[in-house]
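Structural features, examined
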Amino acid sequence: MAIITVSSEVAAYGREFSERLADRYFAEFIYRDDLVERFIKPLASEHELYLLKISPKQYLAESSAGISFYDYIYGALHELASRANLVLSDCGGQFYLANFPGATHIRLIADRNFRRERFKRRNEELISREKYDNLTYRDLVYPAASDFGEVFDQVEKLERRFYNTVFKGQSEAEATHYDAVLNSGRLSFESMFKLVDELVLERQIQKELEAYQSEEETGQLRQAKYFELKNESEREFARLLDLYRIEWRYEPKTFPIDRDMQGRVTLAFSPDFYLPRFKLFIELTTMKQSYVSIKKQKLKKLQELYPDVRCKIVYKKDFEALFKRFEASGTIYD
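Residues numbered from 1 in each chain as written. Predicted model: local features only at pLDDT ≥ 70, side-chain atom pairs only at ≥ 80, totals over all residues. Heavy atoms only, no water.

Quick notes on the overall build of the chain
Of the regular secondary structure elements, the chain holds 11 helices and 11 strands. Across the 334 residues that make up the chain, the buried fraction comes to 41%. The contacts in the chain between residues at least 6 apart in sequence include a share of 64% that link residues at least 24 apart. Carbon and sulfur atoms form 50% of the exposed surface of the chain, whose accessible area is close to 19500 Å². (Helix = DSSP H or I, 4+ residues; strand = E, 2+ residues; numbered from the N terminus. Buried < 20%, exposed > 50% of the residue type's maximum accessible area, 1.4 Å probe, protein only. Contact = heavy atoms within 4.5 Å. Areas by Shrake-Rupley, 256 points an atom, 1.4 Å probe, with all protein chains shown as cover.)

Written out as structure tokens, the structure is:
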């Protein structure tokens, strides 16, 4: 799965490159305006939508869902990125998905004079064709303005304000947010595509290695957890509990059940397992049946002295039958 975020300086081919990148990876393409249209519009009022257009602070305001618009977008993007190829363009994706596994973050830059000239040509063309519906503030602030250099400066200022406000002081220009910073004024799209392909492949390999390492560490932790158990029967029972995702504690409490004349404990009972979800103690009886009566006596004493404590004896024949059934199905941990 490819998750790519593209950030660009104004007029550095950010949107054009991102759209072609999305086609290349058969990915969903999302631009900044799409975030509002797709995720925010269904839950925001007309007034809130207007404020989102003119004030970055509105992204941090609470929505009718009880969370900020920023947090709502954050959750929606993470959910979407978990199930689809995705290219996010100039919408802060490098911050929303900063630590998302396998995500590749790209920044496009270019010479300032190059970008100013391109900004001017592009907007003169749009105005000549009266394509005002296609304009965003990144393109043109004042469609009737003749000084495009002044407009360009204003757009850059608005960009800095947007990121500084929405992402709490983080700078879009900071190179450490990205896997690569590419000069779109000097590199062709094809050469940049090849570089991105290499980065995406590297991030996917890294993601798989991290997943493998995590799985290995989980296995080591599991073995360490089982190591404290006294015998193989208890370890087998613990594996069954883990199989069913039942939380357990091993011998978490010792109950005094008999004392001498001086009040000193002469007999105690430490049930093998405690299951917090069921508020239940479990005592395994997998040894010779001659010992079962001793455990029954302890359990009876426990119930007399601690009537609110729930404890159950699991007998050898029941436990072995349960274990063999799951062992045969191949669902027991290796």
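Thoughts on the sheet that holds strand β6 (residues 249–250)
The four strands are arranged β6-β9-β10-β11 in an open sheet whose pairing can be described as mixed. Lying at the two open borders of the sheet, with one neighbouring strand each, are β6 and β11 (311–315). The sheet contact formed by β6 and strand β9 (residues 273–275) spans two bridges and is antiparallel. Along β9, the bridge assignment pairs Tyr250 with Phe273. Each of β6, β9 and β10 (280–285) touches helix α9 (residues 232–243); the most contacted strand, β9, lies at about 10 degrees to it. Packing of helix α10 (residues 292–305) onto the sheet brings it into contact with β10 and β11, and relative to β11 it is tilted by some 170 degrees. (Pairing = 2+ DSSP bridges. Axes fitted to C-alpha atoms, helices over the stretch in contact; angles between N-to-C directions.)

Brief notes about helix α2 (residues 32–40)
Arg32, Leu35, Val36, Phe39 and Ile40 are the residues of α2 that are buried. What you see down the axis of α2 is that its buried residues fit within an arc of 105 degrees, all on one side. (Arc of directions from axis to C-beta.)

Things to note about the side chain of Glu234
Along the chain, Glu234 turns up in helix α9. With a relative accessible area of 5%, Glu234 lands in the buried category. Discounting chain neighbours no more than four positions away, the residues touching Glu234 are Leu229, Tyr250, Asp272, Phe273 and Leu284.

With respect to the layout of surface pockets
If you add up the space inside the second largest pocket, you get close to 260 Å³. For the second largest pocket, the lining is made up of 16 residues, of which Arg107, Glu156, Arg160, Glu172 and Ala173 are closest to its centre. Here the element with the most residues in the lining of the second largest pocket is helix α7 (residues 148–166); it accounts for five residues. Of the residues belonging to the lining of the second largest pocket, the class tally is three nonpolar, five polar and eight charged. (1 Å grid on protein atoms, 1.4 Å probe; cavity = no way out; pocket = protein on both sides within 12 Å on 5 of 7 lines; lining within 4 Å. Points joined across faces, edges and corners; volume = space filled by probe spheres on them. Nonpolar A, V, L, I, M, F, W, Y, C, P; charged D, E, K, R; others polar.)

Focus: the sheet that holds strand β3 (residues 86–89)
Read from one edge of the open sheet, five strands run β2-β3-β1-β4-β5, paired in parallel fashion. Looking at which strands have only one partner, the edges of the open sheet turn out to be β2 (28–31) and β5 (180–183). On average, each strand axis in the sheet is tilted by 20 degrees relative to the strand beside it, whichever way the strands run. Note: strand β1 (residues 3–8) against strand β4 (residues 104–109), five bridges, orientation parallel. Residue Ser7 lies in a different strand from β4, and its bridge partner there is Arg107. Those strands touched by α2 are β2 and β3, and its axis lies near 100 degrees from that of β2.

Observations regarding the packing of aromatic side chains
Under the counting rule described, the total for this entry stands at 22 aromatic pairs. Relative to Phe167, the ring of Tyr163 lies with its centre 5.6 Å away and its plane at 25 degrees, an arrangement referred to as stacked. The pair Tyr163 / Phe167 is uniform in exposure class, with both members buried. In textbook terms, an aromatic cluster arises when at least three aromatic residues are bridged by ring pairs, as seen for Tyr59, Tyr70, Phe95, Tyr96, Phe162, Tyr163 and Phe167. When the ring centre of Tyr31 is taken as origin, the NZ or CZ atom of Arg15, which lies over that ring, is 4.2 Å away. The ring of Phe255 carries Lys253 above its face, with NZ or CZ at 5.4 Å from the centroid. (Phe/Tyr/Trp six-rings, centres within 6.5 Å; stacked < 30°, edge-to-face > 60°. Lys NZ or Arg CZ within 6 Å of the ring centre and 35° of its normal.)

Structural notes on the nonpolar core
One finds Leu77 and Tyr96 to be the most contacted residues of the largest nonpolar core, which totals 31 residues. Looking at this core, the elements with two or more residues in it are α2, α3 (46–54), α4 (69–81), β3, α5 (93–96) and α7. Here this core takes seven residues from α4, the largest share from any one element. Those residues in contact with Tyr96 that lie beyond four places of it in its chain are Leu35, Tyr59, Tyr70, Ile73, Tyr74, Leu77, His78, Cys91, Val166 and Phe167. One finds Ala2, Ala180, Leu182 and Val196 within the second-largest nonpolar core, a separate group that totals 21 residues. (Core = buried A, V, L, I, M, F, W, Y, C linked by side-chain atoms within 4.5 Å.)

Brief notes about the packing of α2 against α4
At a minimum axis separation of 11 Å, α2 and α4 run at an interaxial angle of 90 degrees. Comparing the axis directions of α2 and α4 gives the class roughly perpendicular. Contact residues: α2 offers Leu35, Arg38, Phe39 and Ile40, while α4 offers Phe69, Tyr72, Ile73, Ala76, Leu77 and Leu80. Along the lines of polarity and charge, the residues of the contact of α2 with α4 split into nine nonpolar, no polar and one charged. (Parallel < 35°, antiparallel > 145°, perpendicular 65-115°, else oblique.)

Quick notes on the pairing of β3
The side chains of a regular strand alternate between the sheet's two faces. Covered by surrounding structure in β3 are Leu86 and Leu88 together with Val87 and Ser89, the residues of both alternating faces. As paired strands, β2 and β3 are joined by four bridges and run parallel to one another. Residue pairing across strands places Ile30 opposite Leu88, the latter belonging to β3.

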